[in-house]
Amino acid sequence: MTPASAASRFCNRTTPSSSILFYKAGSGEAGTGTLSDGNWQYKSAFDLPAGYTHAAASRDSLVLYNKNTGEGEVGSFEDGGYTRNQTFDDFSTGWTFVEASGDSVLFYNGNTGRGVTGTLKDGVYREVRAYDNFSTGWGTMAASCDTLVSAARHGSGLSAWSNVGYGSLKDGVYTDRGSIPRTDYLGSLTATKDSLLSLSRVGGHLEFQVSRATDGAGIAFREIGTSGIWDKVGRTSDSLFFYKNDGTAWISTLANGNYANVGSLPKVSSGWSLIEGGV
């Protein structure tokens, strides 16, 4: 047998995240809950600084970031509860993606190809490495507990993604493992602890594809069906939260590469700008 990777050992020995955050950038209004095995439970409402443009959650921690000002904060995020531990006013501005795995986070600028990675655990962010050689133009990213997957488009906004790159994101470092060409791939990505969802807009509906995403490899999409249009998709370790800006919501599960519908969730507030959960 092949020894388990360090990331796999981390993912196996720590408790998967069920925490999910809802946030409105204009007001700073926030709410949290838990979503596990398709079961939703509301936890709390509170206020955060207004203006955050990105959020990323690991297994036990959450980072919030404002790409326009460089301000941000990090805190513990477990069992649907958030506690702020760090605040920042000196992050670089202009990061286009902030994505977290089980213990790490990547900041990426699609215009310059610059990036920074660090650990995101125990409610604390620590920078580990800076990069100036990432490809430019990555238009979607998602990270499972140990695997980061990105897709780039070269051409118009309706052009197919020209390739999908993947690698490991663990111990505060990203390591490229390879890529697969996907001339028919049009979707945005969302990941749970071990799986990946692609949503491709075709006319007035979304086409769903799923893949396993573990050990920095194993990316192989398969089509599973279609749905109507959703504005946002949040995740936890094994579940997905589909959301329309009018408050319409739907819950599904995605684990071990297998997707299953659970059902609608009534009485969700409208206008959330960020929905982010951990793995």
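Residues numbered from 1 in each chain as written. Predicted model: local features only at pLDDT ≥ 70, side-chain atom pairs only at ≥ 80, totals over all residues. Heavy atoms only, no water.

Engineer: What is the right way to look at the overall build of the protein chain in this model?
Structural biologist: Looking only at helices and strands, the protein chain features one helix and 24 strands. If you line up the protein chain on its principal axes, its C-alpha atoms span 45 × 45 × 40 Å. Expressed as a percentage of its 279 residues, the buried residues of the protein chain come to 55%. Counting only contacts in the protein chain whose residues sit at least 6 apart along the sequence, the fraction spanning at least 24 positions is 48%. Just so you have it, the protein chain exposes about 11,800 Å², and 45% of that area is on carbon and sulfur atoms. (Helix = DSSP H or I, 4+ residues; strand = E, 2+ residues; numbered from the N terminus. Buried < 20%, exposed > 50% of the residue type's maximum accessible area, 1.4 Å probe, protein only. Contact = heavy atoms within 4.5 Å. Areas by Shrake-Rupley, 256 points an atom, 1.4 Å probe, with all protein chains shown as cover.)

Engineer: Would you take a moment to explain the sheet that holds strand β16 (residues 188–191) for this structure?
Structural biologist: Spatially, four strands are ordered β16-β17-β18-β19 in an open sheet, and the strand pairing comes out antiparallel. Of all the strands in the sheet, just β16 and β19 (222–227) have a single pairing partner and so form its edges. With strand direction ignored, the average angle separating the axes of adjacent strands in the sheet is 25°. Where strand β18 (residues 205–212) meets β19, five bridges bridge the pair, whose relative direction is antiparallel. Bridged to Leu206 within β19 is Ser227. (Pairing = 2+ DSSP bridges. Axes fitted to C-alpha atoms, helices over the stretch in contact; angles between N-to-C directions.)

Engineer: Whenever I open this one, the pattern of salt bridges confuses me. Can you help?
Structural biologist: Two side chains of opposite charge can pair, provided their charged atoms sit close to one another. Under the counting rule described, the total for this entry stands at five salt bridges. Between Glu276 and Arg235 there is a salt bridge whose closest N-O contact spans 3.8 Å. Here Glu276 is found in strand β24 (residues 274–277), whereas its partner Arg235 is found in strand β20 (residues 232–235), with 41 residues between them in sequence. Judged on exposure class, the residue Glu276 and its partner Arg235 are both buried. (Salt bridge = Lys/Arg side-chain N within 4 Å of Asp/Glu carboxyl O.)

Engineer: I tried to follow the state of the cysteines on my own but got confused; where do I start?
Structural biologist: Disulfides are covalent bonds that link the sulfur atoms of two cysteine residues. Counted under the stated rule, the structure contains one disulfide. Through a disulfide, Cys11 is tied to Cys145; the S-S separation comes to 2.0 Å. An S-S torsion of about -110° defines the bridge between Cys11 and Cys145 as left-handed. In this pair, Cys11 sits in helix α1 (residues 6–13) while Cys145 sits in the loop between β12 (138–143) and β13 (147–153), placing the two residues 134 residues apart along the sequence. (Disulfide = S-S within 2.5 Å.)

Engineer: Just checking my understanding: could you explain the sheet that holds strand β11 (residues 124–131) for this structure?
Structural biologist: Paired through backbone hydrogen bonds, the strands of a sheet run either parallel or antiparallel to each other. Judged by pairing direction, the sheet is antiparallel, and its four strands sit side by side in the order β8-β9-β10-β11 without closing on themselves. Each edge of the open sheet carries a strand with a single partner, namely β8 (97–100) and β11. Strand-to-strand twist across the sheet, computed as the mean angle between neighbouring axes with direction ignored, equals 20°. Bridging between β8 and strand β9 (residues 104–108) involves four bridges; their strand directions are antiparallel. Paired with Glu99 across the two strands is Leu106, which belongs to β9.

Engineer: For this particular structure, what's the right way to read a positive patch on the surface?
Structural biologist: Together, Arg9, Arg13, Lys121 and Arg126 make up a positively charged patch on the protein surface. Within the secondary structure layout, Lys121 lies in strand β10 (residues 115–121). For Lys121, a relative accessible area of 32% gives the class partly exposed. (Patch = residues over 30% accessible without salt bridge, like charges linked within 9 Å, V, L, I, M, F, W, Y side chains within 5 Å. Lys, Arg positive; Asp, Glu negative; His and termini not counted. Charge placed at Lys NZ, Arg CZ, Asp CG, Glu CD.)

Engineer: Where do I start with the packing of aromatic side chains in this structure?
Structural biologist: Each aromatic ring pair is summarised here by two numbers: the centre-to-centre distance and the angle between the ring planes. Using the criterion set out here, one finds 22 aromatic pairs in the structure. Both rings, one in Phe97 and one in Tyr108, keep their centres 6.5 Å apart while their planes meet at 35°; by these two values the pair is tilted. Of this pair, Phe97 sits in strand β8 while Tyr108 sits in strand β9, placing them eleven residues apart in sequence. Every member of this aromatic cluster is reached through a ring pair, and the members are Tyr65, Phe88, Phe91, Trp95, Phe107 and Tyr125. Here Lys24 stacks its cationic end above the ring of Trp272, 4.8 Å away from the centre of that ring. Of note, Lys244 hangs over the ring of Trp230, and the distance from its end group to the ring centre comes to 5.5 Å. (Phe/Tyr/Trp six-rings, centres within 6.5 Å; stacked < 30°, edge-to-face > 60°. Lys NZ or Arg CZ within 6 Å of the ring centre and 35° of its normal.)

Engineer: Got a minute to help me understand the layout of surface pockets in this structure?
Structural biologist: Over the atoms rolls a probe the size of a water molecule, and its path tells where empty space is left. Taken as a whole, the largest pocket spans an internal volume of roughly 670 Å³. Counting residues per element, the ones that place at least two in the lining of the largest pocket are β4 (54–57), β8, β12, β16, β20 and β24. Residues belonging to the lining of the largest pocket are distributed by class as follows: 14 nonpolar, ten polar and five charged. (1 Å grid on protein atoms, 1.4 Å probe; cavity = no way out; pocket = protein on both sides within 12 Å on 5 of 7 lines; lining within 4 Å. Points joined across faces, edges and corners; volume = space filled by probe spheres on them. Nonpolar A, V, L, I, M, F, W, Y, C, P; charged D, E, K, R; others polar.)

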